[in-house]
Amino acid sequence: MRIAIIGAGPAAVGLLDALARAGADAGVGVGVGAEHEVTVFDPAPYPWRGRPYAPDMDSVLVNVPPALMSLRHDDGGHYADWLGERGAGFFDPLLGAPLVPRGRYGEYLEETAEKALAGGNVRLVPERVVGASRDLLIRTADGHEHRADRIVLCVGSGTPADPYGLDGAPGYIGDPYPLARTLEDVPRDASVLIIGSRLTAVDVAVSLAARGHGGPISLASRGGMLPHVWQRPNGPDGYRPQFLTTDAVRAMGPDVTLAKIYDLLCAELDALGEDIAEIEADLRGAATEDPAVRLRRQVELVNTPAQARRLLQQACHTVMPLAWPLLPEADRETLRRHSRLAVSLASPMVPVNGVRMLELFESGQLDSLSGVRSIVGAASGFEVGWDGGTRRADIVVNAVNPPPGSVPHAAVELVDGLLREGLAARHPDGGIVPSDPRVHVVGDLHGGRPFLTSGIPEVVGAAARTARALTREWAAPSLTRA
Ligand SMILES: Cc1cc2nc3c(=O)[nH]c(=O)nc-3n(C[C@H](O)[C@H](O)[C@H](O)COP(=O)(O)OP(=O)(O)OC[C@H]3O[C@@H](n4cnc5c(N)ncnc54)[C@H](O)[C@@H]3O)c2cc1C
């Protein structure tokens, strides 16, 4: 079987690793034996590292502890084992776990991919895919064609859009990564406006600070809500949910509702002796509370024994993706209305960044502008219109990532082609779904997912499911040539 993987980020590496292991188990696999071959396409200068994990400043950190960064969905220790003794050098006392720069994590991605490549039946074509025909003839931007029997899209969600039409304006940084390059020419005393207030905005602010930036920094967003701050994760023997579990949601099947999930959370907190009213009151304040005040409290709560927020964060990545497609539309709409809060809960900042952001707020160097209406190029720099009036900025950095389900710029022609050829269909909630059994979609482009960006566990979980589907076909050779 000729498998074409389009995109060489973490999804592709997880898939290659799962295929290589399945092949080794069956004695036929990718990398051993000539029967199956895999071609991976990606023009990125650092293949295997995807969008987030290219070499960059040391201030650009992974956002989660090692157990959640493993490329093997069935082996949570795979990344920690790779890190080995090096982990001690990155130990973060606030998180209680190693926290490496994302560029370092990229080395793990590279090495895992290289192992899968070593067998010889996997090759990388450093080209962008621009189309695929009904008989799976893949076209790359250099005009070449490649025949495949199966296609797996692993294209991620791409780079930021240009919400204020500023592309090309002097002083505008449309895509902040790698920050080592994009911040290089920012004068130390410049006033910098960062569009967005999520994790990428945090990366930009703490990286400016790490470079010794002295000028004012503003976060410009609609609501001004920052990501929550990670609470130190429970250790391996720590608390595991008893009620708010995927098994409980599976048991509900199509009868799942938000009210029933809420009941599971209540049962969980009751068993722990925690009062749900406390977390509810805290979350109710998220949209209106002063971001610095909220941040200070969250930094103080990093070690709290209370489980409520940890449970909610975990549920966003476990229970929610399972329940989402089954929930009544009215419940999905309720969740969409609270999407900013859900995203800030699901993807918190690491405590060390919480502390850095707090220092910046408290020193007066950083502030948050909410209700931003316009950002326009001025004679020199930019003018920002927001609820509090107008503001000037020398530099504007766009830190708004496309939502899951977005088609990356680099994959627009390809996706249009797949839709035209009837190989995939748009999902009403965004993203696409395969409409041909020879096509697979792994990662945030897959339609029918909630609005939360997938972390590594979800991406590699989906990659492993795709690997299983492909290897099942290895056992049924008649299916391999369409
Ligand atoms: C800034 C940032 C930081 C993050 N940090 C974390 C973190 O610390 N922990 C975590 O768990 N998750 C994190 N995430 C979530 C992240 O989505 C996943 O970790 C992961 O990168 C998703 O992998 P992917 O392979 O699906 O997509 P990507 O990483 O986006 O990779 C997609 C690849 O496809 C290629 N591609 C696109 N179109 C084409 C085409 N037409 N032809 C060929 N190639 C193409 C691109 O060049 C790219 O290399 C982060 C996300 C972002 C944006």
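Bear in mind the structure is a predicted one, so any value in this text is a computation, not a measurement. Along each chain, residue indices are assigned from 1 in the same order as the chain's sequence is written. Thresholds applied to this predicted model are a pLDDT of at least 70 for local features of residues and 80 or more for the giving and counting of side-chain atom pairs; totals over whole chains, interfaces and linings are not thresholded and use all residues. Only hydrogens and water are set aside when side-chain values are computed; all heavy atoms of the structure are taken into account.

**As for the overall build of the chain**
Each helix corresponds to a stretch of at least 4 residues labelled H or I by DSSP, and each strand to a stretch of at least 2 residues labelled E; elements are numbered beginning at the N terminus. When helices and strands are counted, the chain shows 17 helices and 20 strands. Both definitions apply: the radius of gyration is a C-alpha atom measure, and the globule rule equals 2.2 Å times residues to the power 0.38. On C-alpha atoms alone, the chain measures out to a radius of gyration of 23 Å, which is about the 23 Å that the 2.2 N^0.38 rule sets for 482 residues. Projected onto the principal axes, the alpha-carbon positions of the chain cover approximately 65 × 60 × 50 Å. Type-normalised accessible area, obtained with a 1.4 Å probe on protein chains alone, sets the label of each residue: buried when under 20%, exposed when over 50%, and partly exposed for intermediate values. A total of 482 residues make up the chain; the buried ones form 53% of that total. Here, residues are in contact when the closest pair of their heavy atoms is within 4.5 Å. Summarising the internal contacts of the chain: among those between residues at least 6 apart in sequence, 73% fall at separations of at least 24. Surface exposure here means Shrake-Rupley accessible area, sampled with a 1.4 Å probe, where a residue is shielded only by the protein chains that are shown. A total of about 20700 Å² of accessible surface is found on the chain, and carbon and sulfur atoms cover 54% of it. Charged-residue counts in this description rest on Lys and Arg as positive and Asp and Glu as negative, His and the chain ends being excluded. By convention, the point assigned to a charge is CZ for Arg, NZ for Lys, CD for Glu and CG for Asp. Measuring between centres, the 46 positive side-chain charges of the chain sit 3 Å from its 59 negative side-chain charges.

**A look at the site of the ligand**
The rule for a residue being near a molecule or strand is that one of its heavy atoms must lie within 4 Å of it. The full set close to the ligand counts 32 residues, and Asp42, Tyr53, Asn63, Ala410 and Ile456 are the nearest of them. Tyr53 is positioned with one of its side-chain polar atoms (N or O) 2.7 Å from an oxygen atom of the ligand. Polar contact is the term for a pair of N or O atoms within 3.5 Å; when the atoms are in protein, one must be able to donate a hydrogen and the other to accept it, and sequence-neighboring residues count only if both atoms are side-chain atoms. In the environment of the ligand, an oxygen atom lies 2.8 Å from a nitrogen or oxygen atom belonging to the backbone of Ile456. Polar here means any residue outside two lists: the nonpolar Ala, Val, Leu, Ile, Met, Phe, Trp, Tyr, Cys and Pro, and the charged Asp, Glu, Lys and Arg; Gly therefore counts as polar. Split into classes, the residues belonging to the shell around the ligand amount to 18 nonpolar, nine polar and five charged.

**With respect to the domain arrangement of the chain**
Domain parsing of the chain yields domain 1 (2-159 + 403-479), domain 2 (172-227 + 350-398) and domain 3 (246-346). What fixes the domain bounds is an automatic or database domain assignment. The straight-line distance from the C-alpha centre of domain 2 to that of domain 3 is 29 Å. Contacts between the two partners involve 15 residues from domain 2, matched on the other side by 13 residues from domain 3. Summed over both partners, buried area is the accessible surface (1.4 Å probe) that two parts give up on being assembled. Across the interface of domain 2 and domain 3, roughly 1200 Å² is buried in total on both sides, 72% from carbon and sulfur atoms. Contact with domain 3 buries surface across domain 2, with Arg198, Met225 and Leu358 losing the most and accounting together for 42% of the total. A pairing counts as a salt bridge when a side-chain nitrogen of Lys or Arg comes within 4 Å of a carboxyl oxygen of Asp or Glu. Taken together, domain 2 and domain 3 are joined by one salt bridge. Here Glu362 and Arg296 are joined by a salt bridge, their closest N and O atoms 2.6 Å apart. Where domain 2 touches domain 3, the interface holds one residue pair in polar contact (both at pLDDT 80 or more). Broken down by element, the residue count for the side of domain 2 that touches domain 3 peaks at seven residues, all from helix H15 (residues 351-363).

**A look at the UniProt feature "coiled-coil region" (unreviewed entry) in the chain**
UniProt's feature table lists "coiled-coil region" (unreviewed entry) at residues 262-289, given in the numbering used throughout. Regarding residues 262-289, the helix share stands at 71% and the strand share at 0%, and the terminal C-alpha atoms are separated by 24 Å. UniProt positions are given in the numbering used here, feature names are shortened, and annotations may be inferred rather than shown by experiment.

**Concerning the sheet that holds strand E6 (residues 129-132)**
Spatial ordering of the open sheet is given by E6-E7-E8, a layout of three strands whose pairing is antiparallel. Edge positions in the sheet fall to E6 and strand E8 (145-147), since each has one partner strand and no second. Strand after strand, the sheet turns through a mean of 25 degrees between neighbouring axes, direction not considered. Inspection of the sheet shows strand E7 (residues 137-140) paired to E8 by three bridges, in the antiparallel sense. Across the sheet, Leu137 pairs through a bridge with Arg147, a residue of E8. In short, DSSP must find at least two bridges between two strands for them to pair. Axis definition: a line fitted to C-alpha atoms, over the contacting stretch in the case of helices. Angles run 0 to 180 degrees between N-to-C directions.

**Here we look at the packing of aromatic side chains**
Only the six-membered ring of Trp is used, alongside the rings of Phe and Tyr, when aromatic pairs are assigned; centres must lie within 6.5 Å, and planes under 30 degrees apart are stacked while those over 60 apart are edge-to-face, with the rest tilted. Within the structure shown, the criterion is met by seven aromatic pairs. Both rings, one in Tyr79 and one in Tyr105, keep their centres 5.1 Å apart while their planes meet at 70 degrees; by these two values the pair is edge-to-face. In this pair, Tyr79 sits in helix H2 (residues 78-83) while Tyr105 sits in helix H4 (residues 102-117), placing the two residues 26 residues apart along the sequence. The same class applies to Tyr79 as to Tyr105, namely buried. A network of ring pairs unites the aromatic residues Tyr53, Tyr79, Trp82, Tyr105 and Tyr108 as a single cluster. Charge over a ring is defined by NZ of Lys or CZ of Arg lying within 6 Å of the ring centre and within 35 degrees of the ring normal. Directly above the ring of Trp82 sits Arg86, whose terminal nitrogen or CZ lies 4.1 Å from the centroid.

**Some words on the sheet that holds strand E16 (residues 389-393)**
Pairing is antiparallel in the open sheet, where three strands are placed in the order E14-E15-E16. Strands at the two margins of the open sheet, each flanked by one partner only, are strand E14 (374-377) and E16. Across the sheet, the axes of successive neighbouring strands diverge by a mean angle of 20 degrees, strand direction being ignored. Across five bridges, the pairing between strand E15 (residues 382-386) and E16 is antiparallel. Residue pairing across strands places Trp386 opposite Gly389, the latter belonging to E16.

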